[in-house]
Amino acid sequence: MPDRKQKKQGDKNPLKQFMQYIGRFQAWINLSIILSLVAAILNLIGPNALSKVTDLITEGLTGEMNTFWIVRICILLVLLYSLGWAVNYAEGFIMATVAQRITKSMRSDISKKINRLPLRYFDSHNTGDTLSLVTNDVDTVGQMLNQSLSTIVLNISLLIGAAIMMFWTNWKMAFLGILAALLGFGISLLIISRSQKYFSQQQAELGALNGHIEETYSGLLVIKAYNDQRHVRSEFKKKNDILYKSNWKSQFFSGIMQPLMMFIGNLAYVVVCVTGAVLAIRGEITFGVIVAFMLYIRNFTNPLQNLAQAFSSLQSMTAACERIFTFLDEEEMEDESAKTTVIKHVKGDVQFEHVSFGYNENREIIHDFSADIKVGQKIAIVGPTGAGKTTMVNLLMRFYEVNKGKITIDGISTKDMKRETVHDIFGMVLQDTWLFEGTVRENLVYNRKNVTDAELDQVCNAVGLSDLIHQLPDGYDTVLTDDAAISAGQKQLFTIARAMIADSPLMILDEATSSVDTRTELQVQKAMDMLTEGRTSFVIAHRLSTIRNADCILVMKDGDIIESGTHDELMKKGGFYADLYNSQFDAA
């Protein structure tokens, strides 16, 4: 995976991809560019008018003051600079709007991409690093768009326009002033070319640090329980130091631009003043030309400073775009829009036909798995850790695709159906409970419509949640937050109730009683018996006492079914299952 990722980054130019991406906003961006050009022209007309006013005033000191033209030109200057402000405001408003729409679109595309990625992607990538794409990297792109894109257009226009006006006014002063300014700009370009790698490293290390923080806070209880705070702090310090160094280097190179360009700008002012003074003494130019040149050289050196800063921001954006578009180019699950196969009335016959699977090509963990499950049967899957029990459920739900063989439901291969169609067939209760911040009702009726309070009462009574809900201040309308004192076992009951309300024709229970005590387990077991009654169900359990009433027990070891039968049949056989079962009670 890393090799393929690096190849992608090398083959595609992030800025080229970005320009293609913002193509849908091209009309607004073009309008912004036109307004920037208009603003630049208005700024360049001003110095010439100011030169004329200066000359008129200078002439008036030794003769008659032409107040009529002085007033008219001053009014023109006020109108020009007012119009320039209005154009700049409109351009800034447009770019701010476009920037927010582009970043909104990016976040939406990343969110959609997450839903289209196979689970194997998340097995090999840090969650915090992926979250950093949606926050830090997209924000970096938005800031650059808002602050730098219009700056680049405006300042390039000012730069070219000021150069033309200076040469048109006096080529000697223009040549010396521009030569001094370009000297500094050349140095800044050299620095920019050397510093790009630090901006890329900065974005990558920021994602790594976010991933470490997310991992640490999600496992904070375990860290404290094992007194591993010192090691965690050490790891954080190590990653933080690496981020500090890459940040320091990138910001050092970015920060050195402004003082460097200020120095060059001041040098250009000095050159213009000295040259202008000499030419004025010789009578080659008027005093007004020197005033105009002071403004023109400002319109030439300031854009160089702004462009140097904008190019630094552009480096950060390039690094962010590289990460974003690498993510958006990741291989997706196959398009299933053409698949129309559905099972109108699901019975529940399930067949595994010579299924083989491995999470990677080098290691196969399910070998030639076959099983024939009939309608309404309760199938228990047991075996030691790593035997492939949960993997079988993942394949059944099409979270992963089988390498060989096929899985059928009522004779129809799951590959012929959309994943959403397969998911609708199954209800799931997992070992890892998940409740979101919302009301009790919303958590129970998750993605279901028109569920009445009477149905909720019936389900909650069955699983033993009624007492808890009656104790909550607003009953079913109580909002579940981190402050709600709900135990792990109660959360497990919520997930079981959610599956009962979903009323799916097939059921998967993966260690569904792992978080409840022995007494609660009896009540939950009764609820699960109700849940699985008349449904084909798959139960993964380590507590073998909970699956004694299963219609068939599949015993897995190293990816193969080594035994199958009822509890009594397997116990009489005295094989691997009997050893597992007896070992649990011997340990007790």
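Here the structure is shown first, and the text comes after it.
Residues numbered from 1 in each chain as written. Predicted model: local features only at pLDDT ≥ 70, side-chain atom pairs only at ≥ 80, totals over all residues. Heavy atoms only, no water.

A. Up close: the environment of Lys-339. Considering the arrangement of structural elements, one finds Lys-339 in the loop between helix H10 (287-328) and strand E1 (350-357). Each C-alpha atom, one on Lys-339 and one on Met-417, is 6.1 Å from the other, the two residues being 78 residues apart in sequence. Look past the residues within four positions of Lys-339 in its chain and what remains in contact with it is Glu-334, Arg-398, Lys-415, Asp-416, Met-417 and Lys-418. Separated by 2.4 Å, the side chain of Lys-339 and the backbone oxygen of Lys-415 make a polar contact. (Helix = DSSP H or I, 4+ residues; strand = E, 2+ residues; numbered from the N terminus. Contact = heavy atoms within 4.5 Å. Polar contact = N/O pair within 3.5 Å; in protein donor to acceptor, adjacent residues only side chain to side chain.)

B. Seen up close, the nonpolar core. Counting 61 residues, the largest nonpolar core has Phe-18, Ile-102, Met-106, Val-141, Met-166, Phe-300 and Ile-324 as its most contacted members. Put simply, the parts of the chain that give this core at least two residues each are helix H2 (14-21), helix H3 (26-62), helix H4 (67-116), helix H6 (127-169), helix H7 (171-218), helix H9 (229-282) and H10. Looking at this core, the element that brings in the most residues is H10, giving 18 residues. Discounting chain neighbours no more than four positions away, the residues touching Met-166 are Trp-171, Ala-174, Ile-178, Phe-293, Tyr-296, Ile-297 and Phe-300. Core analysis: the second largest hydrophobic core is formed by 41 residues, Ala-380, Val-459, Leu-465 and Leu-480 among them. (Core = buried A, V, L, I, M, F, W, Y, C linked by side-chain atoms within 4.5 Å. Buried < 20%, exposed > 50% of the residue type's maximum accessible area, 1.4 Å probe, protein only.)

C. Region of interest: the sheet that holds strand E4 (residues 404-409). Spatially, 4 strands are ordered E2-E1-E4-E5 in an open sheet, and the strand pairing comes out antiparallel. Bordering the open sheet on either side are strand E2 (366-373) and strand E5 (412-413), each of which pairs with just one other strand. By the bridge criterion, 5 bridges tie E1 to E2 in an arrangement that is antiparallel. Each residue of the ladder has a partner; that of Val-355, found in E2, is Phe-369. (Pairing = 2+ DSSP bridges.)

D. Focus on the packing of aromatic side chains. Here the structure, examined in full by the defined rule, presents 7 aromatic pairs. When the centroid spacing of 5.7 Å and the interplanar angle of 70 degrees are considered together, the rings of Tyr-121 and Phe-327 count as edge-to-face. Within this pair, whereas Tyr-121 is found in helix H5 (residues 119-123), its partner Phe-327 is found in helix H10, the two being separated by 206 residues in sequence. Taken as a pair, Tyr-121 and Phe-327 share a single burial class, namely buried. Put simply, the rings of Tyr-121, Phe-122 and Phe-327 pair up and form one aromatic cluster. Positioned over the ring face of Tyr-21 is Arg-24, at 4.7 Å from the centre of the ring. Across the ring face of Tyr-446, the terminal group of Arg-498 is positioned such that the distance to the ring centre comes to 5.5 Å. (Phe/Tyr/Trp six-rings, centres within 6.5 Å; stacked < 30°, edge-to-face > 60°. Lys NZ or Arg CZ within 6 Å of the ring centre and 35° of its normal.)

E. Quick peek at the layout of surface pockets. Taken as a whole, the largest pocket spans an internal volume of roughly 1500 Å³. In terms of lining, the largest pocket is formed by 38 residues, of which the most central are Met-397, Phe-399, His-423, Tyr-446 and Asn-447. Sorting the residues of the lining of the largest pocket by element identifies H4, H5, helix H12 (419-425), strand E6 (426-429) and helix H16 (488-502) as the ones contributing at least two each. Residue composition of the lining of the largest pocket, by class: 16 nonpolar, 8 polar and 14 charged. (1 Å grid on protein atoms, 1.4 Å probe; cavity = no way out; pocket = protein on both sides within 12 Å on 5 of 7 lines; lining within 4 Å. Points joined across faces, edges and corners; volume = space filled by probe spheres on them. Nonpolar A, V, L, I, M, F, W, Y, C, P; charged D, E, K, R; others polar.)

F. Structural detail: the packing of helix H14 (residues 453-463) against H16. Axis separation between H14 and H16 bottoms out at 10 Å; the angle between their running directions is 135 degrees. On the basis of the axis angle, H14 is oblique to H16. Seen along the crossing, H14 lies across H16 with a hand that is right-handed. Along its contact with H14, which presents Leu-456, Val-459, Ala-462 and Val-463, the element H16 presents Leu-493, Ile-496, Ala-497, Met-500 and Ile-501. Considered class by class, the residues forming the contact of H14 with H16 number 9 nonpolar, no polar and no charged. (Axes fitted to C-alpha atoms, helices over the stretch in contact; angles between N-to-C directions. Parallel < 35°, antiparallel > 145°, perpendicular 65-115°, else oblique. Left-handed = near helix turned anticlockwise from the far one by under 90°.)

G. Highlighting the environment of Phe-325. Counting through the fold element by element, Phe-325 comes out in helix H10. The sequence separation of Phe-325 and Ile-110 amounts to 215 residues, and the corresponding C-alpha distance is 9.5 Å. Other than its neighbours up to four places away in sequence, Phe-325 contacts Pro-14, Gln-17, Phe-18, Tyr-21 and Met-106.

H. Spotlight on the pattern of salt bridges. Counted under the stated rule, the structure contains 20 salt bridges. With its nearest N and O atoms 3.4 Å apart, the salt bridge here joins Lys-172 to Glu-284. Here Lys-172 is found in helix H7, whereas its partner Glu-284 is found in the loop between H9 and H10, with 112 residues between them in sequence. A salt bridge links Lys-339 to Glu-334; the nearest nitrogen and oxygen atoms lie 3.9 Å apart. (Salt bridge = Lys/Arg side-chain N within 4 Å of Asp/Glu carboxyl O.)

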